[in-house]
Every structure is written in structure tokens, then in C-alpha cells.
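# Residue-level structural notes
So you can see what is in the structure, the chains are spelled out below.
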Amino acid sequence: MIINETKCDVELNLKASKNMAGRKIFLILGIVAALCLASGAVTLALELSFASESETDLFFPIVCFVCGVVLLLLMVVWNPLLRKVMRKTMQGKESVNLYSFFEESYTIVSTVNDGMTSSAEGKYGALTEVREFQDMWLLYQNKATVFAVAKSGMKEGSVEELTALLMRQTGNNYKICFKRK
């Protein structure tokens, strides 16, 4: 049996969301911002070079520039904004999840900071995907339900033992999402 105790708080959820989509969001925002700024610059250059003084229309280039700048600003404030949204969403309801991994199944006992507890049990075959990151595993039960298991929370067993168990039990559904040393 392998046991992991993970504190599910704002910081863990922030790391998990960054692992799920954070890098893609920055890439998309950066590309779209660059496209907006470039199209604004090209449109402005064309408008200024081919239009007469009375017919110059700068609305579209200005809108493109403004959109590009707004997207760049969004990239800058993304992490603080996400942290604020998560704090508001969680409303101080942190929990401690106790994961017990057996050879054929796993259990999760979740204790919320107000004293409520819940438990769940599952088979590895029901996991649609397991992603391993440098600091955590993400266990996907379906597209809407994801369990973040922090590597720092190991109580019994080791990170290597849990990695081997999850790889063995989930097969092709196990993805390594970082460069191992």
C-alpha cells in the first residue's frame, strides 16, 4: 500500500491548473497578441501610404493595437487573477486528501477544514488519463474530475513506487509531462 496526503488549497489548485492548461494559455495569448499588433501595424502602414489625407481611416489599426495591448496585459496579470478567482471560488474551504493506492484500486478520503469528510474508491481502469509532472500527478477520472496528488505528500512508499504502480495499472493512459533528469 502506498499512502499520500495532499493538502488541497489555493496553491495546489493554481499549480494544477498551470499544469493542465497554463502554458497553452500563455502561448495562445502571445500568438494572438502578436497577430493583433502585426495586423494593426500593417493596416496602419497601408492606410497611411495609400489613403489621401481626408480619407484616412484609423479605426481598424487602433482596434488591433488596443486588442494586442489588452492581451499582453492579460498575460501579465494572468497568475494573480487566477489566484484571486481560486480564493473566491474556494471560499476558505481547504481540504486534506488522503490517497491510499493498492495494487488493484485506490481510495480517497477528503477532510474539509470545517470537519466534513467524504470518501471515494476507484479502479485504475476508470482513470481516463494520468499525467505526471515534476511536482504532482494529475489523475483524470473524466474531463471534469481531476485529482491532484502532490509528490511532496508521500507518507508511505516512495514517488518512484507510486509512479511504477500508476504506469503499470494505467498503461498507455500514463503520460510523463516533464523532462526527467
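Note: the structure precedes this text.
Just so you know, these numbers come straight off a predicted model, no measurement behind them. Within every chain, residues take consecutive numbers counted from 1 along the sequence as written. This being a predicted model, a pLDDT of at least 70 is required before a residue's local features are given, and a value of 80 or more before pairs of side-chain atoms are given or counted; all residues contribute to the totals for chains, interfaces and linings. Hydrogens and water are ignored here; the side-chain numbers use all heavy atoms of the structure.

### Notes on the nonpolar core
- In terms of nonpolar packing, the biggest core is built from 17 residues, with Phe101, Tyr124, Trp137, Leu139, Leu162 and Leu166 touching the most fellow members.
- Segments assigned H or I by DSSP are reported as helices when at least four residues long, segments assigned E as strands when at least two residues long, and all are numbered from the N terminus. When contributions to this core are tallied by element, the ones reaching two or more residues are strand E2 (95-101), strand E3 (105-112), strand E6 (136-140), strand E7 (146-150) and helix H3 (159-170).
- The biggest single contributor to this core is H3, with three residues.
- A contact between two residues is defined here by any heavy atoms of the two lying within 4.5 Å. Filtering out sequence-adjacent residues up to four positions away, leucine 139 remains in contact with Phe101, Leu127, Glu129, Val130, Thr145, Val146, Phe147, Val149 and Leu166. Only buried residues count toward a nonpolar core. Its members are Ala, Val, Leu, Ile, Met, Phe, Trp, Tyr and Cys residues joined through side-chain atoms within 4.5 Å. Buried, partly exposed and exposed residues are distinguished by accessible area as a fraction of the type maximum, computed with a 1.4 Å probe on protein chains only: under 20%, between the cut-offs, and over 50%, respectively.

### Topic: the pattern of salt bridges
- The rule for a salt bridge is simple: a side-chain nitrogen of Lys or Arg has to be within 4 Å of a carboxyl oxygen of Asp or Glu. This model, assessed by the stated rule, comprises six salt bridges.
- Across the salt bridge formed by arginine 83 and glutamate 11, the nearest N and O atoms sit 3.1 Å from each other. Of this pair, arginine 83 sits in helix H2 (residues 59-90) while glutamate 11 sits in helix H1 (residues 10-50); the two residues are 72 residues apart in sequence, bridging distant segments of the chain.
- When its relative accessible area of 25% is taken as the criterion, arginine 83 is described as partly exposed.
- We classify glutamate 11 as partly exposed; its relative accessible area is 35%.
- For arginine 168, the salt bridge is made with glutamate 103, and the minimal N-O distance between the two is 3.2 Å. In this pair, arginine 168 sits in helix H3 while glutamate 103 sits in the loop between E2 and E3, placing the two residues 65 residues apart along the sequence.
- The class for glutamate 103 is partly exposed, based on a relative accessible area of 41%.

### Examining H3
- The first and last C-alpha atoms of H3 sit 16 Å apart over 12 residues, in line with the 16 Å expected at 1.5 Å per residue.
- Looking only at H3, the buried set comprises Leu162, Thr163, Leu165, Leu166 and Thr170. Viewed along the axis of H3, the buried residues span an arc of 165 degrees, placing them on a single side of the element.
- Contact partners of the buried residues in H3: strand E1 (2-8), E2, strand E5 (129-132), E6, strand E8 (154-156) and strand E9 (174-176).
- Just past H3, the residue glycine 171 takes up positive phi, approximately 55 degrees. To estimate how far a helix should extend, the number of its residues minus one is multiplied by 1.5 Å. The arc in question is formed by the directions pointing from the helix axis toward the C-beta atoms.

### Quick word on the side chain of glutamate 132
- Looking at where glutamate 132 falls in the secondary structure, it is placed in strand E5.
- A relative accessible area of 1% places glutamate 132 in the buried class.
- When residues no more than four places from it in sequence are discounted, the contact partners of glutamate 132 are Trp137, Lys151, Thr163, Tyr174, Lys175, Ile176, Cys177, Phe178 and Arg180.

### A look at the sheet that holds E2
- The strand order across the open sheet formed by five strands is E4-E3-E2-E1-E8, and the pairing between neighbours is antiparallel. Single-partner strands in this sheet number two, and they are strand E4 (117-123) and E8. Each strand axis lies, on average, 20 degrees off the axis of its neighbour in the sheet, ignoring direction.
- Note on pairing: two strands pair once DSSP finds at least 2 bridges between them. In the sheet, E1 pairs with E8 via two bridges, with the strands oriented antiparallel. Opposite isoleucine 3, over in E8, you have glutamate 156 as the bridge partner. Fitting a line to C-alpha atoms yields each axis, with helices limited to the stretch in contact; the angle taken between N-to-C directions then spans 0 to 180 degrees.

### As for the side chain of threonine 6
- For threonine 6, the location among the structural elements is in strand E1.
- A 3.5 Å cut-off defines polar contacts: any pair of N or O atoms within that distance qualifies, except that in protein one atom must be a possible hydrogen donor and the other a possible acceptor, and neighbouring residues in sequence count only when both atoms are side-chain atoms. Here the side chain of threonine 6 touches alanine 150 through a polar contact of 3.1 Å, landing on its backbone nitrogen.
- Those residues within four positions of threonine 6 in sequence are excluded, and the remaining contacts are Leu12, Ser95, Val96, Asn97, Tyr99, Ala148, Val149 and Ala150.

### Some details on the layout of surface pockets
- Points on a 1 Å grid, built from protein atoms alone, make a cavity when a 1.4 Å probe fits but cannot get out and make a pocket when they are open with protein on both sides within 12 Å along at least 5 of 7 lines; residues with an atom within 4 Å of a point are the lining residues. Grid points are joined across faces, edges and corners, and a volume is the space filled by probe spheres set on the points. Roughly 200 Å³ of internal volume is contained in the largest pocket.
- Every residue lining the largest pocket is counted, 14 residues in all, and those nearest its centre are Cys8, Asn13, Val146, Phe147 and Ala148.
- Within the residue set of the lining of the largest pocket, elements represented by two or more residues are H1, E2, E3 and E7.
- Note that Gly is not counted as nonpolar here; it falls among the polar residues with everything else outside the nonpolar set of Ala, Val, Leu, Ile, Met, Phe, Trp, Tyr, Cys and Pro and the charged set of Asp, Glu, Lys and Arg. Its residues placed into classes, the lining of the largest pocket shows 10 nonpolar, four polar and no charged.
- Its boundaries defined by the atoms lining it, the second largest pocket holds a volume of some 160 Å³.
- Elements that contribute at least two residues to the lining of the second largest pocket include exactly E1 and H1.
- Tallied by class, the residues present in the lining of the second largest pocket amount to three nonpolar, two polar and six charged.

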